[in-house]
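Each chain, written out:
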Amino acid sequence: MIPRGLAATFLCFVLCTSLVSGFYLPGVAPHDYAEGDPVKVFVNSLTPMSNSQLKSVISYDYYDPRFHFCRPENDLIEVPESLGSVLFGDRIMGTSFELFMKKNETCKSLCITKPIPKKDTAFINQCIAEDYSLNWFIDGLPAAHRKQDERTDEEYWNIGFQLGSGGKESPVLNNHYDIYIHYHERTTQANRVVGVVVVPSSKDTKLEGGKPVCKISNEAFKLNPEGGSEVVYTYSVYWIPSATAWATRWDNYLHILDPSIHWFSLVNSIVIVLFLTGMVAMILIRALHKDISRYNAVEAQEDVQEDYGWKLVHGDVFRAPTHPMLLSVFVGSGAQLMVMTALTLMFAVLGFLSPSNRGALGTVMVIFFMVCGCISGYVSARIYKMNGGEQWKLNVLLAATLFPSMLLVSLFVLNFVFIGLQSSGAVPFGTIMVVLGMFGLIYIPLSVAGSYLGFRKPRIEHPVRTNQIPRQIPDQPLYLRSVPSIMMGGILPFGAIFIELYFIMNSIWFHRIYYGIGFLFLVFIVLILTCSQVTILMCYFHLCNEDYHWSWRAFLTSGAAGLYVFLYAVLYYFTKLEFRTFTSSVLYFGYSSIISVMLGIMTGTIGYLACLVFLQRIFASIKVD
Ligand SMILES: *[C@@H]1O[C@H](CO)[C@@H](O)[C@H](O)[C@H]1NC(C)=O
């Protein structure tokens with residue numbers, strides 16, 4: 001049976017890879033330009049940029065009519081993008097800039113806009129006040145602006161450049177771009193673009209005979225708030241020879257502001273793991289060993305000593321939990337998320353998802369999510385069967401739909417907010433259809449197939465029999481009651497990841513490139529270790545106090561890490577973000593809760609499975625009459 005399942009998985013994988021490559025998988029082969037060859041400029045959506053506090057999360061299409069940017073005369077060239085790219089907000093389009101390799105030019109006219117109405121003027125000025133930045137691409141490289149590292153005084157390139165300056169009080173619009181393109185000359189006929197820096201400025205350019213004349217004046221250009229301003233867009237191009245090789249051209253963009261912090265984060269995580277490992281080892285080796293040999297010695301001597309400790313609950317410990325259906329479906333989804341994350345990180349560590357592969361991360365994540373549907377079905381079926389569930393049809397249905405439809409519905413709701421704001425963050429209809437199609441054609445069949453395999457497998461046997469009549473649970477001390485122990489348990493996994501979390505949040509909300517993939521991989525392993533160890537420890541303490549309701553508590557103990565991540569997002573909101581609009585906050589908290597819930601389900605599953613294995617082991621090693 002398994003080979004057939006594998007074959008189906010493989011087939012599906014090939015199928016969806018081809019489905020996605022229909023979208024175009026971006027190549028990263030170098031492009032050689034001869035002298036005078038045209039070099040194209042592409043634009044992505046405008047995103048809020050921030051140097052200290054982010055003021056919005058809404059991105060806008062470059063050709064949103066309210067901006068009145070110069071459009072190419074012929075139809076807009078929409079650049080095909082990968083699925084992940086579209087889902088994560090890239091909207092790349094062509095422009096009418098004319099750049100020629102190694103040809104310096106100054107003050108070229110891009111276009112002169114029609115008079116901008118009052119309403120749009122207000123919109124543009126608001127975007128300037130919210131620090132919106134332009135995102136261009138030249139030969140696959142993002143246009144950057146120069147920045148100074150405050151700590152080391154080193155100069156580095158920060159992606160994007162400002163739409164305008166002056167803030168809320170006196171917004172000026174940048175209507176002139178000085179484009180500095182660094183090129184690497186291999187032979188005179190083969191030049192490669194290795195860096196793009198744009199210095200935008202605002203110039204009150206005058207027209208002479210219909211042609212712009214750029215003066216080196218300090219006069220800035222301001223839109224008339226009453227409307228009616230015509231904007232003259234101009235640009236200059238400078239080609240700068242560079243020794244940077246093509247292979248290292250991304251290094252300038254990947255400036256690490258403080259490399260030591262990553263090490264600090266790793267050390268922090270490892271200390272937590274070592275501490276927990278020590279605790280667990282102590283319990284396993286000392287206490288547990290002693291318990292087991294004593295229990296077994298008592299058996300052998302036929303002594304009539306009273307049983308004590310965790311052995312007492314042997315007749316109840318594997319009693320089915322309340323709501324076994326929900327638990328098994330969550331554990332299935334959590335296992336799916338865990339495998340998906342592990343596979344994605346492995347791909348990333350192997351270097352498949354470098355920043356030059358735009359959207360590859362998103363694409364790979366979506367594919368793995370769909371393919372791992374079979375894991376969700378399989379795990380959920382086995383756990384449900386183990387807990388003696390009878391309604392297997394409902395289980396198959398819920399395993400295939402409950403979690404993904406929760407996810408899709410919340411994403412759809414947030415998408416409607418984006419559509420309402422006319423933001424480019426809204427996922428286009430076609431892409432939504434593709435995702436739904438993948439869900440229907442790949443996810444659901446794989447999940448059902450997984451469930452089928454899971455239910456066909458023999459039931460997971462417990463090492464001890466469960467008694468007919470449940471035992472009374474004695475009163476628990478305060479720190480072992482459910483809520484306090486769950487809250488305590490969740491802190492450690494969160495503590496192991498929170499520094500790395502800060503970088504992840506920065507890269508999500510500030511559009512920064514995340515450069516510590518190797519670190520992230522290690523932190524993921526640490527997270528798995530802490531989740532399982534914390535849960536095992538807590539579980540042991542509870543069993544010693546004869547409290548055998550471990551299933552949900554194990555799930556929630558490590559799952560509480562998700563709650564802490566959400567609280568962290570709230571803290572981040574108040575310290576790093578300064579949203580001007582209510583909708584930005586709604587979107588922020590919407591995405592934060594989706595991420596926290598997913599993380600909670602994943603860590604909860606790790607805890608539950610670890611605890612299950614632990615209990616199976618320890619109860620298998622004692623003799624019970
Ligand atoms: C273009 O201008 C830049 C800056 O002024 C200069 O360094 C560079 O050599 C010029 N390039 C060419 C090909 O003339």
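The coordinates are above.
All figures in this text were calculated on a predicted structure; none of them were measured in a lab.

Caption draft 1: A look at the overall build of the protein. Broken down by element type, the protein carries 13 helices and 17 strands. In terms of overall dimensions, the protein has a C-alpha envelope of 110 × 50 × 50 Å along the principal axes. Counting over 625 residues, the protein shows a buried share of 51%. For the protein, the share of sequence-separated contacts (at least 6 apart) that also reach a separation of at least 24 residues comes to 81%. Working note: accessible area of the protein is about 29,200 Å², and carbon and sulfur atoms make up 64% of it. Across the protein, 45 positive and 46 negative side-chain charges occur, with their mean positions spaced 5 Å apart.

Caption draft 2: Summary view of the environment of Thr363. With respect to the helices and strands, Thr363 occurs in helix α6 (residues 360–371). With relative accessibility at 3%, the residue Thr363 sits in the buried group. Each C-alpha atom of the pair Thr363 and Trp263 lies 29 Å from the other, and the pair is 100 residues apart in sequence. Looking at Thr363, its side chain comes within polar contact range of the side chain of Ser82, at 3.4 Å.

Caption draft 3: Representation of the pattern of salt bridges in the model. Per the stated rule, a full pass over the model turns up 13 salt bridges. A salt bridge links Lys103 to Glu105; the nearest nitrogen and oxygen atoms lie 3.9 Å apart. With a relative accessible area of 40%, Lys103 lands in the partly exposed category. Using a relative accessible area of 15% as the deciding quantity, one classes Glu105 as buried. For Arg249, the salt bridge is made with Asp139, and the minimal N-O distance between the two is 3.1 Å. Residue Arg249 is located in the loop between β17 (232–241) and α4 (259–300), and its partner Asp139 is located in the loop between β6 (132–138) and β7 (141–142); the two are separated by 110 residues in the primary sequence. Among the residues examined, Arg249 registers a relative accessible area of 5% and is labelled buried. The exposure class of Asp139 is buried, given its relative accessible area of 15%. One salt-bridge network, in which partners are shared between bridges, spans Asp32, Arg186 and Arg192.

Caption draft 4: Fine view of the site of the ligand. Around the ligand, the neighbouring residues are Lys102, Asn104, Tyr238 and Trp239. The contact in question runs from an oxygen atom of the ligand to an N or O atom on the side chain of Asn104, over 2.2 Å. One of the backbone N or O atoms of Trp239 is found 3.2 Å from a nitrogen atom in the ligand. Here the ligand loses 50% of its free accessible area of 360 Å² to cover by the protein chains. Class assignment of the residues belonging to the shell around the ligand gives a composition of 2 nonpolar, 1 polar and 1 charged.

Rules and cut-offs
- Residues numbered from 1 in each chain as written.
- Predicted model: local features only at pLDDT ≥ 70, side-chain atom pairs only at ≥ 80, totals over all residues.
- Heavy atoms only, no water.
- Helix = DSSP H or I, 4+ residues; strand = E, 2+ residues; numbered from the N terminus.
- Buried < 20%, exposed > 50% of the residue type's maximum accessible area, 1.4 Å probe, protein only.
- Contact = heavy atoms within 4.5 Å.
- Areas by Shrake-Rupley, 256 points an atom, 1.4 Å probe, with all protein chains shown as cover.
- Lys, Arg positive; Asp, Glu negative; His and termini not counted.
- Charge placed at Lys NZ, Arg CZ, Asp CG, Glu CD.
- Polar contact = N/O pair within 3.5 Å; in protein donor to acceptor, adjacent residues only side chain to side chain.
- Salt bridge = Lys/Arg side-chain N within 4 Å of Asp/Glu carboxyl O.
- Near = heavy atom within 4 Å.
- Nonpolar A, V, L, I, M, F, W, Y, C, P; charged D, E, K, R; others polar.

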